[in-house]
There are 2 protein chains.
Amino acid sequence: MTLHDTPPTTLLAAGDAGAAVRRGPGRPRDEELDGQILQAVLALIDTEQEVTVARVIAGSGVSRAALYRRWPSMTTLIAAALDVGRSVPAEVPTDGDLRDVIFAGILGDPSFGADSRYSETRFRQRIRLVMADRQLQKAYWHSHVARRREPMERALQRGRERGILRPDLDTEASFDAIAGACYYQLVVRGDSFDDPATRARVSAALDIVWRGMLV
Amino acid sequence: MTLHDTPPTTLLAAGDAGAAVRRGPGRPRDEELDGQILQAVLALIDTEQEVTVARVIAGSGVSRAALYRRWPSMTTLIAAALDVGRSVPAEVPTDGDLRDVIFAGILGDPSFGADSRYSETRFRQRIRLVMADRQLQKAYWHSHVARRREPMERALQRGRERGILRPDLDTEASFDAIAGACYYQLVVRGDSFDDPATRARVSAALDIVWRGMLV
């Protein structure tokens, strides 16, 4: 699932011409091009069309070369598009009550919130697409989910250093149990995070995991 | 997504004729018909075709009426097909070591095992399909997953009664955290339960949840 599925020479030949056209004074800024490309990918996903190089070029109006330069692999492009509207959370403050901070971080996670730019529809699309394509799943995991976990995992490590959490605590497995309880609601139960019953269940699950993490 | 999407009168008229043909001495037994129908649905899912009434009839060789009698809704039929090879686990023995029994129950769960009839491929298909169709997700949850949880949830309740687990423990949320940690490996990390590192991580997560459940 890379651009190399099409012979590279063809891609480059066609692309160079397109890029040359754009190299005038009115050439769009790089961020604009990136935005156009990502929105074109999302438009295809929203209409349940397969994401192909030709369709992304047609939908975004960028040249093949510009697309190729920015996204040498379709897999990483689709992963990035699925992550539009999300970001790596800020560092978790560790001078206050660690339990409060973790609960707020999870229960206030925009991926599960009602009024976020990252909607439940997009979440469901993401899971659907990654279950059909393990390469995309791994790309999304490494480039997006794993990076987003880091601030919380660092906070857990500091909790261990501060003597709040068990010194031998497996912080990676802790996070898997916490996040897993959240995913379970949306992926297995088919519930929504807008539902107070869902939030109450996640909060109860978090409380159980938290107790299991303590010294 | 029910058979009623097609006008019922048409369905029944065509179906009655088909059923009459089958009412001879060579009429296949009910279980055989059910197996034929379920296999036809799985064949469509395996080849990524949409499951329609016409295709199930063509693939299974059963009459429209026979299909309709057994499966008044396509949603429940697809849910049942996705569950072929799985069953509700036996009651969990509660006279022995509860921790051992729970760990064995989860780490030996055929849905996550290597050599089970219920393959990882089928698991991925199931998640992909339910994320595209919340009605199917809810049907699968109520008819299959929720029922499969019951023996383990009863074991947790008895653990509470025996004074091993906290008297106020939310056993439903406990199960969500345990199962969620398992799902997280396959759905988010894209890992396989055949991988010893995955099993070690699930085992560590289980240990954390278990500690949080104790008195």
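Taking an unreviewed UniProt entry as the reference, chain A is identified by name as Transcriptional regulator belonging to Microterricola viridarii.

1. Re the overall build of chain A
Along its length, chain A carries 10 helices and 0 strands. Of the regular secondary structure in chain A, the N- to C-terminal order runs α-α-α-α-α-α-α-α-α-α. Split into buried and exposed, the 215 residues of chain A put 52% on the buried side. Long-range contacts, defined here as pairs at least 24 residues apart, represent 70% of the contacts in chain A between residues at least 6 apart. Of the roughly 9600 Å² of accessible surface on chain A, 53% is carried by carbon and sulfur atoms.

2. Observations concerning the packing of aromatic side chains
What the rule picks out here adds up to 6 aromatic pairs over all chains. Seen in terms of ring centroids, Tyr184 of chain A and Trp141 of chain B are 6.2 Å apart; in terms of plane orientation they differ by 85°. Their pairing is edge-to-face. Here the residue Tyr184 of chain A occupies a position in helix 9 (residues 171-189), and Trp141 of chain B occupies one in helix 8 (residues 134-161), the pair thus bridging two chains. Here Tyr184 of chain A falls in the buried class, since its relative accessible area comes to 1%. In this structure Trp141 of chain B comes out as buried when scored by relative accessible area, which is 7%. Their ring planes at 75° and their centres at 5.5 Å tell us that Tyr184 of chain A and Tyr183 of chain B sit as a pair that is edge-to-face. Of this pair, Tyr184 of chain A sits in helix 9 while Tyr183 of chain B sits in helix 9 (residues 171-189), on two different chains. For the residue pair Tyr184 of chain A and Tyr183 of chain B, the accessibility class agrees, reading buried in each case. Of the aromatic side chains, those joined through ring pairs into one cluster are Phe123, Trp141 and Tyr183 of chain A together with Tyr184 of chain B. Directly above the aromatic system of Phe103 of chain A lies the positively charged group of Arg99 of chain A, at a separation of 4.1 Å from the ring centroid.

3. A closer look at the pattern of salt bridges
Where charged atoms of side chains with opposite charge meet at close range, the side chains can pair. As enumerated under the stated definition, the model contains 34 salt bridges over all chains in all. Salt-bridge contacts for Asp34 of chain A lead to Arg70 of chain A; the nearest nitrogen and oxygen are separated by 3.7 Å. Pair noted here: Asp34 of chain A is in helix 2 (residues 30-46) and Arg70 of chain A is in helix 4 (residues 64-70), with a separation of 36 residues, a long-range link. Residue classification places Asp34 of chain A among the partly exposed residues on the basis of a relative accessible area of 25%. Between Asp191 of chain B and Lys138 of chain A there is a salt bridge, and its shortest N-O distance comes to 2.5 Å. Within this pair, whereas Asp191 of chain B is found in the loop between helix 9 and helix 10 (196-213), its partner Lys138 of chain A is found in helix 8 (residues 134-161), the two belonging to separate chains. Judged by its relative accessible area of 27%, Lys138 of chain A is partly exposed.

4. As for the interface of chain A and chain B
Of the residues lining the interface, 46 residues belong to chain A; the matching set on chain B comes to 46 residues. Contact between chain A and chain B buries roughly 3900 Å² in total, counting both sides, with carbon and sulfur atoms accounting for 58%. At the junction of chain A and chain B, the tally comes to 10 salt bridges. In this structure, the salt-bridge partner of Arg189 of chain B is Glu172 of chain A, at a minimum N-O distance of 3.2 Å. Summed over the shared surface of chain A and chain B, the result is 26 residue pairs in polar contact (both at pLDDT 80 or more).

5. Re the relation of the copies chain A and chain B
Superposing chain A onto chain B requires a rotation of 180° together with a translation of 0.0 Å along the rotation axis, leaving an RMSD of 0.0 Å. The operation mapping one copy onto its partner corresponds to a two-fold rotation axis. Of the residues that chain A buries at the interface, 100% are likewise interface residues in chain B, meaning the two copies contact each other through the same surface.

6. Side note on the UniProt feature "domain: HTH tetR-type" (unreviewed entry) in chain A
Residues annotated by UniProt as "domain: HTH tetR-type" (unreviewed entry) correspond here to residues 50-81 of chain A. Split by type, residues 50-81 of chain A is 72% helix and 0% strand. Its first and last C-alpha atoms lie 14 Å apart.

Definitions and cut-offs
Residues numbered from 1 in each chain as written. Chains lettered and ligands numbered in written order. Predicted model: local features only at pLDDT ≥ 70, side-chain atom pairs only at ≥ 80, totals over all residues. Heavy atoms only, no water. Helix = DSSP H or I, 4+ residues; strand = E, 2+ residues; numbered from the N terminus. Buried < 20%, exposed > 50% of the residue type's maximum accessible area, 1.4 Å probe, protein only. Contact = heavy atoms within 4.5 Å. Areas by Shrake-Rupley, 256 points an atom, 1.4 Å probe, with all protein chains shown as cover. Phe/Tyr/Trp six-rings, centres within 6.5 Å; stacked < 30°, edge-to-face > 60°. Lys NZ or Arg CZ within 6 Å of the ring centre and 35° of its normal. Salt bridge = Lys/Arg side-chain N within 4 Å of Asp/Glu carboxyl O. Buried area = accessible area lost by both parts, 1.4 Å probe. Polar contact = N/O pair within 3.5 Å; in protein donor to acceptor, adjacent residues only side chain to side chain. Least-squares fit on C-alpha atoms with pLDDT ≥ 70 in both. UniProt positions renumbered as here; feature names shortened; annotations may be inferred.

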